[in-house]
Amino acid sequence: MRYNIGERPDIPEDEEWFDGIIDYASDTESIVEHFGGVEGLRILDCPCGRGEMCHQLAQRGAIMTGIDVNERFIEKARSGTASGNPAFMVGDMLTSDLPEGQDAILNWHNSFGFYGEDDNIPLLRRFHDCLAEGGQLLIEVENIDEMRGRYPQDRSADTYWDDGDKTMHYRYGEDECIVRYYTQKEMVAMMEEAGFSEVRIHGMYFSDLSGKNMRIIYEGIRRTRRPFPTDATSSALHRRLARTSRWTACYILVLSNWIIETSF
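Owing to the predicted nature of the structure, the values given are computational and were not obtained by experimental measurement.

(A) Highlighting the environment of L98. With respect to the helices, strands and loops of the structure, L98 is situated in the loop between β3 (87–90) and β4 (102–107). By relative accessible area, which is 14% here, L98 ends up buried. Considered as a pair, L98 and D129 are 31 residues apart in the sequence and their alpha carbons are 9.4 Å apart. What L98 contacts, discounting residues up to four positions off in sequence, is C46, I67, M93, R126, F127 and C130.

Written as structure tokens, this is what we have:
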């Protein structure tokens, strides 16, 4: 199994390497807009890093849980909250217990591809199983089609792209982190094999895929047994959809009756 950046305590960058790279505010706004608001939604951010998005989404009303393998990341994340929301814990997303009944899971900022090839489907199934029915998994990674030519392929460099096995290599002294990237076809196939339905692909910030996109978002939905679940274990997203659909049906019925009455 390849190890994740920050898992080793002797890597000095594990406190600062995020700074100035990630626009958390824009990511948060795009997620809120995608869901049509996050008030009351149960969202797992895994891995969560230092918890920036967890805090921002909690401020917008989401019930957040953040999990990361790096103890110092979690210590930093916990220092910013005293209310219990967000809740943070140290854990490996491949082996640790994950909270069940989540409305959404965020696997954000190139957090997929750190494990071996045989671990991808089990990881995706773990995410699938801890979602409520109708819940969504959102995986955000760099666009492999844009990576070629953007990174050096010189194997002697501290950071280089290997086009043969589609991996990025990051060296920190004698340590190395290897991240595997996948084509859109590969990602969709893995998510479907793990049980997700309606797998969709978005550009940066849920934009259209046309044009240049340095980042891509994969969206998978846990299948539902009923079109509009209403019990306590069902996804809040689908309960919201059910209410919206009923209001839409009532509006169409009233409009149809008005058209019939005014036609005579």
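Okay, back to it.
(B) Region of interest: the packing of aromatic side chains. Within the structure shown, the criterion is met by three aromatic pairs. Between W108 and F206, the aromatic rings sit 6.3 Å apart at their centres with planes inclined by 35°, giving tilted as the arrangement. Highlighted residues: W108 in the loop between β4 and α4 (120–129) and F206 in the loop between β9 (196–202) and β10 (215–222), separated in sequence by 98 residues. With respect to burial, W108 and F206 carry one shared label: buried. When the ring of F112 is compared with that of Y182, the centres are 6.1 Å apart and the planes differ by 65°; the resulting orientation is edge-to-face. Of the two residues, F112 sits in the loop between β4 and α4 while Y182 sits in the loop between β8 (175–180) and α6 (184–193), which places them 70 residues apart along the sequence.

(C) Spotlight on the pattern of salt bridges. Enumeration according to the criterion identifies 13 salt bridges in this entry. Among the ionic pairs, R171 bridges to E176, the shortest N-O distance being 3.9 Å. The class of R171 is partly exposed, set by a relative accessible area of 28%. Ionic pairing is found between E186 and R180, a salt bridge with its closest N-O pair at 4.0 Å. Classification of E186 as partly exposed rests on a relative accessible area of 30%. A residue is classified by how much of its surface remains accessible, and R180, at 11% relative accessible area, is buried. Each member of the salt-bridge network shares a partner with another, and the members are D27, E140 and R215.

(D) Layout of the sheet that holds β4. Pairing is mixed in the open sheet, where seven strands are placed in the order β3-β2-β1-β4-β5-β10-β9. Looking at the sheet topology across the chains shown, the edges are occupied by β3 and β9. Adjacent strand axes in the sheet meet at a mean angle of 15° when their direction is disregarded. Where strand β1 (residues 42–45) meets β4, three bridges bridge the pair, whose relative direction is parallel. By the bridge assignment for β4, D45 is matched with L106. Along the sheet, helix α2 (residues 52–59) makes contact with β1, β2 (63–68), β3 and β4, crossing β2 at roughly 175°. Where α4 meets the sheet, its contacts fall on β4, β5 (131–142), β9 and β10, and the angle it forms with β5 comes to roughly 140°.

(E) Main features of the nonpolar core. Ranked by size, the top nonpolar core spans 28 residues in total, and within it F112, F127, L137, I139 and M191 carry the most contacts. Those elements that place two or more of their residues in this core are α4, β5, α6, β9 and β10. Contact partners of L137, with chain neighbours within four places excluded, come to I105, L124, F127, L131, M191, F196, Y218, E219 and G220. Within the second largest apolar cluster, 24 residues are counted, among which are M53, A62, I74 and I217.

(F) Just the pairing of β8, in detail. The sheet contact formed by strand β7 (residues 167–172) and β8 spans six bridges and is antiparallel. Its bridge partner lying in β8, H169 is registered against I178. Between β7 and β8, which pair antiparallel in sequence order, lie two residues; one of them, G173, sits at a positive phi of approximately 65°.

(G) Representation of α4. Of all the residues in α4, the buried ones are N120, I121, L123, L124, F127 and H128. Looking straight down α4, one finds its buried side chains confined to an arc of 160°; they lie on one side. Elements that come into contact with the buried residues of α4 comprise β4, β5, α6, β9 and β10.

(H) Focus on the packing of helix α1 (residues 24–35) against α2. Closest axis-to-axis distance for the α1/α2 pair is 10 Å, and the angle between their directions is 45°. Put simply, α1 runs oblique to α2. By crossing handedness, the relation of α1 to α2 is classed as right-handed. Residues Y24, A25, D27, T28, I31 and V32 of α1 pack against E52, M53, Q56 and L57 of α2. Taken together, the residues that form the contact of α1 with α2 break down as six nonpolar, two polar and two charged.

Conventions and cut-offs
Residues numbered from 1 in each chain as written. Predicted model: local features only at pLDDT ≥ 70, side-chain atom pairs only at ≥ 80, totals over all residues. Heavy atoms only, no water. Helix = DSSP H or I, 4+ residues; strand = E, 2+ residues; numbered from the N terminus. Buried < 20%, exposed > 50% of the residue type's maximum accessible area, 1.4 Å probe, protein only. Contact = heavy atoms within 4.5 Å. Phe/Tyr/Trp six-rings, centres within 6.5 Å; stacked < 30°, edge-to-face > 60°. Salt bridge = Lys/Arg side-chain N within 4 Å of Asp/Glu carboxyl O. Pairing = 2+ DSSP bridges. Axes fitted to C-alpha atoms, helices over the stretch in contact; angles between N-to-C directions. Core = buried A, V, L, I, M, F, W, Y, C linked by side-chain atoms within 4.5 Å. Arc of directions from axis to C-beta. Parallel < 35°, antiparallel > 145°, perpendicular 65-115°, else oblique. Left-handed = near helix turned anticlockwise from the far one by under 90°. Nonpolar A, V, L, I, M, F, W, Y, C, P; charged D, E, K, R; others polar.

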